[in-house]
Amino acid sequence: MNDLNHTSAWKNCLLIIKDIVPASSFETWFAPIKPVSLEDSVLTIEVPSDFFREYLEEHYIDLLSGVLRRVIGPKANLIYNVKIVEGAFVRERQQKRTTYSNNEVSQVKVANNYEGNPYLIPGLKRLNIDPQLNPQYSFSNFIEGECNRLGRAAGISIAKNPGKNTFNPLFLYGGPGLGKTHLAQAIGIEIKEKFPELIVLYVNANVFQNQYMAAAFSAKNNNDSNKIADFLRFYQLIDVLIIDDVQEFADKKGTQSAFFHIFNYLHQSGKQLVLTSDKPPVELQGLEHRLLSRFKWGLSAELLPPSYETRLAILKAKSEREGVEIPEDVLSLLAHRVKSNIRELEGTLFSLIANATFTKKNITLSLAQDLVEKIVTDHPVEISINRIQNTVCNYFSITSEQFLSKTRKREIVQARQIAMYLSRNLTKTSLSSIGSQLGGKDHATVLHACNTVCDLIDTDRSFRQFVSDIEKQLVSVN
Ligand code: ADP
Ligand code: MG
């Protein structure tokens, strides 16, 4: 044991590991490791990236520590040296390109290995990825308003200097139809125009998830962990990665873990990430904490429902682009009546144009009025006690069984009290009816709950935040 040095120790470790893990995993995850030193039972190894280290830690830490103890002794310890690829942090574009060409051979090989990858344009030797961008979703077609000013400005700034700005990741969030996909795509389009050599990829979270599942499935069935490694490596080649609707990753552990590695790798190498979601990071449930905390590293920008002026400007721009002249009063009627989101606004405008074309009628105010009556449902959704209960449960991650149970656990009692308080403020229901719907309590209990909540709102800042977050969620759907 005494005449072990780092080379022989690691060689012995490899002999054991080789017998245990499948050959492909061995080649991927162990063969590239270089032993550096062995001092006082501490073996230092060199790994090619941080991502590599994390992968080892996550998947092979038990194996590694067992083997090390067997070879080096009970006090064995492991230190990683992460070898940063030369130039990975270099900020200058010119130097960055040099790094690329150094890596070109292996990049091409990796890309070709990733069979079934829908983004690779076959037959080309150079790595060429279809960025999946729709030219309609450009900045020039994106109308600026108070509702999207921050996100748009951040997007433009990113496009000037992808990866090398403080908005990394840019996290765009907001309700449906408010322009998240459009803005995220606009960033990609602009970057591709300014820097054609950069590899840009837009991918919806569901598509990413399916690709990961396919790789994991194939890895499992064929006992070939290369498939997952290929998947990860493919995404690590991207310079600007845009993932739309990351809320879809909720409760999908494997996908989250793969994304986590990709995120770290890209972020650390100065690559740009743009993410969209229907909720702000704090409200994303079913996502690992380590991911959420990374989402907050850069800038989160909310897209809000547009004001009347912005709605009007959007209608004008869209009708102009369609080459249809629409009277001012008609546009103003649409802008007044369709408030919920931009997708619906656009849909109503296009129905109006289609309607007039088919019936060969002119677009008049009365035609527009008829149509708006038929398709716009702008009655506010009534806030029901049931919805309040669901929203509260969701917010605190508790089930409705727990909520309605007789338990006196503090957090459940508090959730119930908040629901009672909100029911009293946001609905016209009587105290006794609120009590009976929220766990069979009497009206005195509801009154007591309302008073308690009022007191806590006055004295406890984080409690006040809970209540206002939940209230915002309830009201914003209207
Ligand atoms: P989300 O992804 O938030 O659900 P989208 O980006 O798909 O919303 O937008 C819905 C529709 O509204 C798209 O057709 C998009 O082009 C349009 N749209 C959204 N925001 C704007 C804007 N600021 N200017 C012009 N069109 C917009
Ligand atoms: Mg979208």
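Described below are features of the structure shown in this document. (Residues numbered from 1 in each chain as written. Chains lettered and ligands numbered in written order. Predicted model: local features only at pLDDT ≥ 70, side-chain atom pairs only at ≥ 80, totals over all residues. Heavy atoms only, no water.)

### Digging into the pattern of salt bridges
Two side chains with opposite charge may pair up if their charged atoms get near one another.
Then step 1. One pass over the full model with this rule turns up ten salt bridges.
Then step 2. For Lys194, the salt bridge is made with Glu190, and the minimal N-O distance between the two is 2.9 Å. Of this pair, Lys194 and Glu190 are both found in helix α6 (residues 180-194), four residues apart, which corresponds to roughly one turn of the helix.
Then step 3. The class of Lys194 is partly exposed, set by a relative accessible area of 40%.
Then step 4. Residue classification places Glu190 among the partly exposed positions, given a relative accessible area of 21%.
Then step 5. The closest approach of N and O atoms between Lys316 and Glu328, which form a salt bridge, is 3.3 Å. Linking Lys316 in helix α11 (residues 308-322) with Glu328 in helix α12 (residues 328-337), this pair joins segments that are twelve residues apart in sequence.
Then step 6. We classify Lys316 as partly exposed; its relative accessible area is 32%.
Then step 7. What you see here is one network of salt bridges that share partners, running through Glu144, Glu146, Arg149 and Arg152. (Salt bridge = Lys/Arg side-chain N within 4 Å of Asp/Glu carboxyl O. Helix = DSSP H or I, 4+ residues; strand = E, 2+ residues; numbered from the N terminus. Buried < 20%, exposed > 50% of the residue type's maximum accessible area, 1.4 Å probe, protein only.)

### What to know about the site of ligand 1
Then step 1. Taken together, 17 residues surround ligand 1, and among them Ile143, Gly177, Thr181, His182 and Glu346 come closest.
Then step 2. Lys318 is positioned such that a nitrogen or oxygen atom in its side chain is 2.9 Å from a nitrogen atom of ligand 1.
Then step 3. Isolated, ligand 1 exposes 560 Å² of accessible area, and the fraction of that covered by the protein chains is 93%.
Then step 4. Secondary-structure elements contributing two or more residues to the shell around ligand 1 are α6 and α13 (342-359).
Then step 5. Looking at side-chain class alone, the shell around ligand 1 contains six nonpolar, seven polar and four charged residues. (Near = heavy atom within 4 Å. Polar contact = N/O pair within 3.5 Å; in protein donor to acceptor, adjacent residues only side chain to side chain. Areas by Shrake-Rupley, 256 points an atom, 1.4 Å probe, with all protein chains shown as cover. Nonpolar A, V, L, I, M, F, W, Y, C, P; charged D, E, K, R; others polar.)

### Let's talk about the sheet that holds strand β2 (residues 42-47)
Then step 1. Read from one edge to the other, the open sheet built from three strands follows the order β1-β2-β3, with strand pairing classed as mixed. The open sheet has two free edges, formed respectively by β1 (34-39) and β3 (77-82), since each of these has just one partner strand. Taken over all neighbouring pairs, the strand axes of this sheet differ in orientation by 25 degrees on average, direction set aside.
Then step 2. The pairing of β1 with β2 spans five bridges and is antiparallel. Each residue of the ladder has a partner; that of Ser37, found in β2, is Thr44.
Then step 3. Contacting β1 and β2, helix α1 (residues 6-20) crosses the sheet at an angle of about 120 degrees to β1. (Pairing = 2+ DSSP bridges. Axes fitted to C-alpha atoms, helices over the stretch in contact; angles between N-to-C directions. Contact = heavy atoms within 4.5 Å.)

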